[in-house]
Amino acid sequence: MARIIAGVASSHVPAIGAAIDNKQTGEPYWQRVFSGFEKSKQWMAETKPDVAIVVYNDHASAFSVEFVPTFALGCAAEFPPADEGWGPRPVPVVKGHPELAAHIAQSVILDEFDLTIVNKMEVDHGLTVPMNLLFGSPKEWPCPVIPLAVNVVLYPPPTGHRCYMLGRAIRKAVESYPEDLKVVIFGTGGMSHQISGPRAGLINSKFDKAYLDNLTKDPKKLARMEHLEYMREAGAEGIEMVMWLVMRGALDDKVDEVYRFYTVPASNTAVGHIILENRKGAARGKAKKAKTAPKTAPKIKRAAARVTHRDVLKGK
Ligand SMILES: [Fe+2]
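Residues numbered from 1 in each chain as written. Predicted model: local features only at pLDDT ≥ 70, side-chain atom pairs only at ≥ 80, totals over all residues. Heavy atoms only, no water.

Enquirer: How do you make sense of the overall build of the protein chain when you look at a structure like this?
Expert: Check the secondary structure of the protein chain and you find 10 helices and 11 strands. Summarising the internal contacts of the protein chain: among those between residues at least 6 apart in sequence, 82% fall at separations of at least 24. Of the roughly 13600 Å² that the protein chain leaves accessible, carbon and sulfur atoms contribute 55%. (Helix = DSSP H or I, 4+ residues; strand = E, 2+ residues; numbered from the N terminus. Contact = heavy atoms within 4.5 Å. Areas by Shrake-Rupley, 256 points an atom, 1.4 Å probe, with all protein chains shown as cover.)

Right, here's the structure in full:
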């Protein structure tokens, strides 16, 4: 049977993609960001998932305001990189897994989550930047990917609870797929950031770090958080973090946090990243022994770097 062995959450800041594409990763500003993902790439190379489910949001690339599905599952055989205004990113075409995607669609829809099925779709930085951060820049992506696009750009986005429960349904779907597959699920977006308006540039590190803590230890508390709290504490675009709860819902209640990284700023955004492994499951393979994947919580490796910290809510 297929099983979800781990979850990864990562920001998907578009400027990170531009830094990769323009070969600026070695510059001091960007080195601070990319260095935080070196252990993650090692973990991913050792984990070797057979399939990745990437929960992300489209930024008016595949969808426009004329058509905004709340949850859209990519069931196609491939997903080309989208032209986001500067031509498509020079990254490989994302190969899908139509069989598993169709199985997930059937299971989840019959579980009363009304997904939109997408049989043709281009994918933007929301999906490709986390892929680069975890897989590097290979000629071909090392595993098939099932994209799950979530609307977090046009009000109303789904609630955190809905996202969390969708993760539960996805897990059930994966575990009823007969082929023996190791699946890693990504939640992308966030962390605190606001692009426009009087609070543009908002970063709230205190909120972000508490969010990371609760993602590991108390995700149900996060699932109860209302949209207004995301907006107030993490900025208008901080609502992207509800997508992390799809990932978390697909994991065990108790997980091992094997890696965390947080840095500010990258562009005008806080960058957060975490890797969580299910405790049970023999399918972890070499990752179980990996230096970057210790089994117990006290051995958690954390990396943190900071240049500036603008917590605009401080004192409010
Ligand atoms: Fe985004």
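Enquirer: For this particular structure, what's the right way to read the coordination of the iron ion?
Expert: Six octahedral donors around a metal ideally subtend angles of 90 or 180 degrees, whereas four tetrahedral donors ideally subtend 109.5 degrees. Coordination sphere of the iron ion, protein contribution only: His12 (NE2), His59 (NE2) and Glu240 (OE), at 2.0 to 2.1 Å. All donors of the iron ion come from a single chain, and their spacing in sequence reads H-x46-H-x180-E. Placement of the pair is His12 in the loop between strand S1 (3-10) and helix H1 (14-21) and His59 in the loop between strand S2 (51-56) and strand S3 (71-74), with a sequence separation of 47 residues. By relative accessible area, which is 3% here, His12 ends up buried. (Donors = N, O, S within 2.8 Å, 3.2 Å for Na, K, Ca; no water. Buried < 20%, exposed > 50% of the residue type's maximum accessible area, 1.4 Å probe, protein only.)

Enquirer: Looking at this model, I keep getting lost on the packing of aromatic side chains. Mind explaining?
Expert: Two aromatic rings are characterised by how far apart their centres lie and by the angle between their planes. Applying the stated criterion across every chain, the model contains 9 aromatic pairs. Taken together, a centroid distance of 5.9 Å and an interplanar angle of 35° make the contact between Phe207 and Tyr211 tilted. Residue Phe207 and its partner Tyr211 are located together in helix H7 (residues 205-217), separated by 4 residues, close to a single helical turn. Each member of the pair, Phe207 together with Tyr211, is buried. Taken together, the ring pairs connect Phe207, Tyr211, Tyr230 and Trp244 into an aromatic cluster. Its guanidinium or amino end placed over the ring of Tyr29, Arg32 lies 5.0 Å from that ring's centre, counting from NZ or CZ. (Phe/Tyr/Trp six-rings, centres within 6.5 Å; stacked < 30°, edge-to-face > 60°. Lys NZ or Arg CZ within 6 Å of the ring centre and 35° of its normal.)

Enquirer: Would you mind going over the environment of Glu140 with me for this structure?
Expert: Summarising the element assignment, Glu140 is placed in the loop between helix H5 (125-135) and strand S7 (145-150). What makes Glu140 exposed here is its relative accessible area of 52%. Separated by 47 residues in the primary sequence, Glu140 and Val93 have C-alpha atoms spaced 7.6 Å apart.

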